[in-house]
Amino acid sequence: MRVYDRFELPPEQAALHRRAVRLEWWTIGFFVVAITLLALTLGQSQAMKAAWIEDMLGLVPPLAFLVAARFRNRRPNPRFPYGYHRSVSIAFLTGSVALLGLGGYVVHDSAVRLLARERPPIGLIELFGHRFWLGWLMIVVLFATMVPAILLGRIKQRIARQLHDKVLHADAEMNRADWLTAGAAILGVLGIGAGLWWADAVAALIIGGDIVRDGIRTLRSAVANLMDSRPRVVDGSRPHPLPDELLTAVRDHDWIADAWLRLREEGHVFVGELLVVPVPGTDRLVERLEDLGAWVRDLDWRIHDLVVAPVTRIEGPTDDHDRQGADRRRPRPRTEGRSSARESTDVRAG
């Protein structure tokens, strides 16, 4: 049996991934236009400057996603025997660092200007023979950049959940930060027009604080992925339920007395090890183990590379990370033969 004789994504998810690639190209085009428009109307507004810088750094996540998309499906080779799935995790880390760096810069620059009590001037501009306040043009441009960012972010969040793609989710968070930035910048420009000199810097500080919060959360998740933490849902809010579900399903096999499962994330997919304690007298053990591995991988497309091995007993680690939720195993009826097999094993944790 060759584990890698199959693509990373099944047909349905592969079609979604192609759609995500198209969305990222659209995102790059949107940011190029937005950066140009903001540069033409930048003026002296700190909030406008924050929005402009954010749009420039907003190019990093989609570019990282597209680069990872070219590498993730490459087959293993002698130098990279585990394949290139972690290119997605590296892209996730890149997008997270960009998000955090952007927020840190905006907070620092805005705080310095606020403490210096700088009063950004917004003058008049002549366009098509008419003179008007430049702030109105700024607001129009900012509003025009908000709508595509909202639409792109919502679509990407939905696809990211279906693909378990944290790079795409980080990009959706960047799009969310983009339209929040534009909204805060509009308030900052209106504040300047109303004579509130501090409104512009305060708006930029609010923008930067929200971006820093998102950057810290996504960076922690990216580093945890590279440290082989237990899989979590795409937004990182809770542990992924799949490991517990798989372990429960494996223990329901009548020839298995006990089992232990450890999974980690490599991009879109999960890889790991499954140890099973066969009931004494189990026949065709090798064939059963091969069939079990294929059965588990067919249960969910995210299970890509799973090593299945028999053991005489399971002496689990004492930490919650490796237990993978074994303390929450549900009781179930057992046959007499399986009960005696359980008594003969020394199991401290599943």
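Details of the structure are given in the entry above.
A. Highlighting the sheet that holds strand β4 (residues 269-278). Taken together, the three strands give an open sheet; going across it, the order is β3-β4-β5, and neighbouring strands pair in mixed fashion. A single partner strand is all that each edge strand has here, and the edge strands are β3 (256-266) and β5 (303-310). Looking at each pair of strands side by side, their axes are set apart by 15° on average, direction ignored. As judged from the 10 bridges shared by β3 and β4, these two strands associate in the antiparallel manner. The residue of β4 that forms the bridge with Ile256 is Pro278. Packing of helix α8 (residues 242-251) onto the sheet brings it into contact with β3, β4 and β5, and relative to β3 it is tilted by some 155°.

B. Just the environment of Val141, in detail. Its location among the elements puts Val141 in helix α5 (residues 134-163). On the accessibility criterion, Val141 (8% relative accessible area) is buried. Linking Val141 and Thr41, residues 100 residues apart in sequence, is a C-alpha distance of 8.0 Å. Excluding residues that lie within four positions of it along the chain, Val141 makes contacts with Leu37, Leu38 and Thr41.

C. A look at empty space enclosed by the protein. For the structure shown, the criterion picks out three cavities of 30 Å³ or more. Considered as a void within the structure, the largest cavity measures approximately 50 Å³ in volume. Lining the largest cavity we find Val88, Ser89, Phe92, His164, Lys166, Val167, Asn225, Glu265 and Gly267. Every element with two or more residues in the lining of the largest cavity is listed here: α4 (87-115) and α6 (166-193).

D. Region of the structure containing α8. Of all 10 residues making up α8, eight are buried, and the element is well covered by its neighbours. Looking only at α8, the buried set comprises Leu242, Pro243, Asp244, Leu246, Leu247, Ala249, Val250 and Arg251.

E. How the structure looks around the packing of aromatic side chains. Tallied over the entire structure, the rule returns two aromatic pairs. Each ring, one from Phe80 and one from Tyr84, has its centre 5.0 Å from the other, and the planes form 50°; the classification is tilted. Using a relative accessible area of 35% as the deciding quantity, one classes Phe80 as partly exposed.

F. Broad picture of unusual backbone geometry. The residue Asp228 is not glycine, and still its phi comes out positive at about 60°. Note that Asp228 resides in the loop between α7 (199-226) and α8. A residue is classified by how much of its surface remains accessible, and Asp228, at 28% relative accessible area, is partly exposed. Despite not being glycine, Arg284 shows a phi value in the positive range, around 50°. When you line up the elements, Arg284 lands in the loop between β4 and α9 (285-299).

G. Structural detail: the nonpolar core. With 30 residues, the main nonpolar core has Phe30, Phe65, Ile159, Val167 and Leu168 as its most contacted residues. The greatest single-element share of this core, amounting to nine residues, is contributed by helix α1 (residues 11-40). In this structure, Leu168 is in contact with Ala20, Glu24, Phe65, Lys156, Ile159 and Ala160, ignoring residues within four places of it in sequence. Leu246, Ala259, Leu274 and Leu292 belong to the second largest nonpolar core, which has 18 residues in total.

Here is what the cut-offs are and how they apply
- Residues numbered from 1 in each chain as written.
- Predicted model: local features only at pLDDT ≥ 70, side-chain atom pairs only at ≥ 80, totals over all residues.
- Heavy atoms only, no water.
- Pairing = 2+ DSSP bridges.
- Helix = DSSP H or I, 4+ residues; strand = E, 2+ residues; numbered from the N terminus.
- Axes fitted to C-alpha atoms, helices over the stretch in contact; angles between N-to-C directions.
- Contact = heavy atoms within 4.5 Å.
- Buried < 20%, exposed > 50% of the residue type's maximum accessible area, 1.4 Å probe, protein only.
- 1 Å grid on protein atoms, 1.4 Å probe; cavity = no way out; pocket = protein on both sides within 12 Å on 5 of 7 lines; lining within 4 Å.
- Points joined across faces, edges and corners; volume = space filled by probe spheres on them.
- Phe/Tyr/Trp six-rings, centres within 6.5 Å; stacked < 30°, edge-to-face > 60°.
- Core = buried A, V, L, I, M, F, W, Y, C linked by side-chain atoms within 4.5 Å.

Function-wise, these values are silent; they only describe arrangement.
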